[in-house]
Amino acid sequence: MCGIVGYVGQKQTMEVLLGGLKRQEYRGYDSAGVAVITDGGSLESAKKSGKLQVLVDHLTAHPLTAGHTGIGHTRWATHGAPVDVNAHPHLADGGKLAMIHNGIIENFAEIKQEMLEAGHEFLSETDTEVGAVLLGHLVAQTGDFRTAFAQAVNRFEGAFTVLAIHQDSPDLILAARHNSPLVIGFGDGENFLGSDVAAFVEYTHHAAAVGQDQMVAITPEGVTVTDFAGKAVEVERFEIEWDASASDKGGWPSFMAKEITENPDAVANTVRGRVTETAVDIPELATLGADTIKNTQRIILIACGTASYAGQVAAYAIEQWARIPVEVQLSHEFRYRDPVITPQTLVVSISQSGETMDTLMAVRYAMEKGAKTVSICNTQGATIPRESDAIVYTHAGPEVAVASTKAFVAQITALYLLGLQFAQVRGTLSEKEIARNISELQSLPGKIEQVLLVGPEIRQLAKWMTESPAVLFLGRHVGFPIALEGALKLKELAYIHAEGFAAGELKHGPIALIDHGQPVFVVVPSPRGSAEIHSKVVSNIQEIRARGARVIAIAEQGDVAVLPYADEVIRIPLADPFFEPILAVVPLQIFAMELADAKGLDVDQPRNLAKSVTVE
Ligand code: F6R
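The sections below set out a description of the structure shown in this document. These numbers were taken from a predicted model, which means no experiment stands behind them.

**Overview of helix α5 (residues 145–155)**
Of all the positions in α5, only Phe145, Ala148, Phe149, Ala150, Ala152 and Val153 are classed as buried. In this structure, the buried side of α5 is in contact with β6 (97–105), α4 (127–142), β7 (158–166), β8 (173–178) and β12 (214–218).

Written out as structure tokens, the structure is:
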């Protein structure tokens, strides 16, 4: 939540800052602001509520003086409404100092009281301004920006990444992080800071993640990193694997449209290099230690939102393949229920951003209790993978649309690979069975391409449904989490009330919702899998149809059993039942996007949301 960028160097600073904010706008988009130290040596800033474009338009009309040191921020409000005055940067020390912040300074009330007693005034309702005023106060007291910054940071409690500039130190940006992300971009005669590498990928691919409780100072000539006590530390450098163009719309009307079409690549790239014809080898799992796979007695998948539904799909497969009990827990529930964790428990977190605070806290909790941890993550250098025992990156490429699509299919893919490797090592699947599943995984990208062809048909369907007050989704077995995901996509994108149910639950209550014309999507399992499950879902369709539901079935090609009862049938290619979810979710992603689009909504940046939920 909140995107941060910092730049020192000879480029057009405003261009670097606004470009970095544009590529991080998915992190928060209720207000934005910038501050620069001008070539004349003074600090200038601008900030506006609304999307980044409002700030850009304002700066076009009222440009700041050119400078070569600057910071920028795009906000997702925590303290104080999204109005101009609450936007960042916040100024202090008589306007000579500017600070931006991602996170929450939890002890702001106490610091504010102290600052009020010291005679300072506040313009905004934010915790960030309290931080800025404290820093300004300490600069005045100590006469040294660096010393004051270290003192201020040591006072902050909660979660924060802060960046600050001071006009008396014109070529310097100071930054610190605690429980919130910060990455460094290394240039030649210039350096960058960002919440993620998207902030500066256009200019450099050399990056490093700043560790927990570390401070950074960047100047055009160099970067120094220390702990909060000022002791120098080494940072882990990495090369960014994707280009700036990967985070552009590339001619698509929205990032979401682009990312849905990238579903096939997300699967293919996640599988690539991790399989042979007959075996799975995820080299990254080696860091778990030799016997972990054999000795694991229980797997807990932890995640939030869409990532948790990926976990729910995969739980069926991993448990069946590896014969290990697998459960899925929402990260924010997990650590408050005093779970039973032993050294034989493997906790696998699933997070696109790798920064979701609830999931990070759950991972730390699991580690404290002695579990081994694996991170399934799509973002290089993010906090959750860095703190986990092993990392299995999903290679979906940058996901910019706030609602997750391609990362979801990549998460299921990575979890399936993990499940197959466990089955292989534990001898619970034969080589032939492993080979068959690998071949299923490898055939998925081509099959998703076929599903994508249903786009125009779904667009039509969506246009008819713009007035629907509610849409229901049903599924059984691996189709159940897909129903949940279909409902979530529709809620967040089209602001329509949507519910996903396990089809077996219908008669236990939800069937009361069915009335004449109620649209219900049904994810129909393959008749080639469990015939029993298939026929039960067909019966469920009959039951809701008899009560007036308008049924849209997602069924495999050739499944004629649904035809007499469904108003619409969306076809997906034949796949092994465990692999069907990866195909069945695609029409639901397209449906939510098209319906939101038909309602004139912003599909990339739905209201009230932010992509990276870095506060609890
Ligand atoms: C929904 C969506 C969210 C995320 C959730 C977890 O479309 O994107 O539900 O899945 O906030 O985010 P990550 O995967 O970054 O931990």
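**What about the site of the ligand?**
Near the ligand lie 13 residues; those nearest to it are Ser351, Gln352, Ser353, Thr356 and Glu492. One of the backbone N or O atoms of serine 404 is found 2.9 Å from an oxygen atom in the ligand. Glutamate 492 is positioned with one of its side-chain polar atoms (N or O) 2.4 Å from an oxygen atom of the ligand. Protein chains shield 89% of the accessible area of the ligand, which is 410 Å² for the free molecule. Sort the elements by how many residues they give to the shell around the ligand and helix α9 (residues 305–322) lands first, with three residues.

**Structural notes on the pattern of salt bridges**
By the definition in use, this model includes 24 salt bridges. Lysine 11 is the partner of glutamate 190 in a salt bridge, and the nearest nitrogen-oxygen pair spans 2.6 Å. Placement of glutamate 190 in the loop between β9 (183–186) and β10 (191–194) and of lysine 11 in the loop between β1 (3–8) and α1 (13–23) is noted, with a sequence separation of 179 residues between them. With a relative accessible area of 29%, lysine 11 lands in the partly exposed category. For lysine 96, the salt bridge is made with aspartate 168, and the minimal N-O distance between the two is 3.9 Å. In this pair, lysine 96 is assigned in the loop between β5 (90–92) and β6 and aspartate 168 in the loop between β7 and β8, connecting sequence segments 72 residues apart. Take aspartate 168: its relative accessible area is 53%, and that puts it in the exposed class. A cluster of three or more residues bridged by salt bridges with shared partners is formed by Glu110, Glu114 and Arg155.

The rules behind the values
- Residues numbered from 1 in each chain as written.
- Predicted model: local features only at pLDDT ≥ 70, side-chain atom pairs only at ≥ 80, totals over all residues.
- Heavy atoms only, no water.
- Buried < 20%, exposed > 50% of the residue type's maximum accessible area, 1.4 Å probe, protein only.
- Helix = DSSP H or I, 4+ residues; strand = E, 2+ residues; numbered from the N terminus.
- Contact = heavy atoms within 4.5 Å.
- Near = heavy atom within 4 Å.
- Polar contact = N/O pair within 3.5 Å; in protein donor to acceptor, adjacent residues only side chain to side chain.
- Areas by Shrake-Rupley, 256 points an atom, 1.4 Å probe, with all protein chains shown as cover.
- Salt bridge = Lys/Arg side-chain N within 4 Å of Asp/Glu carboxyl O.

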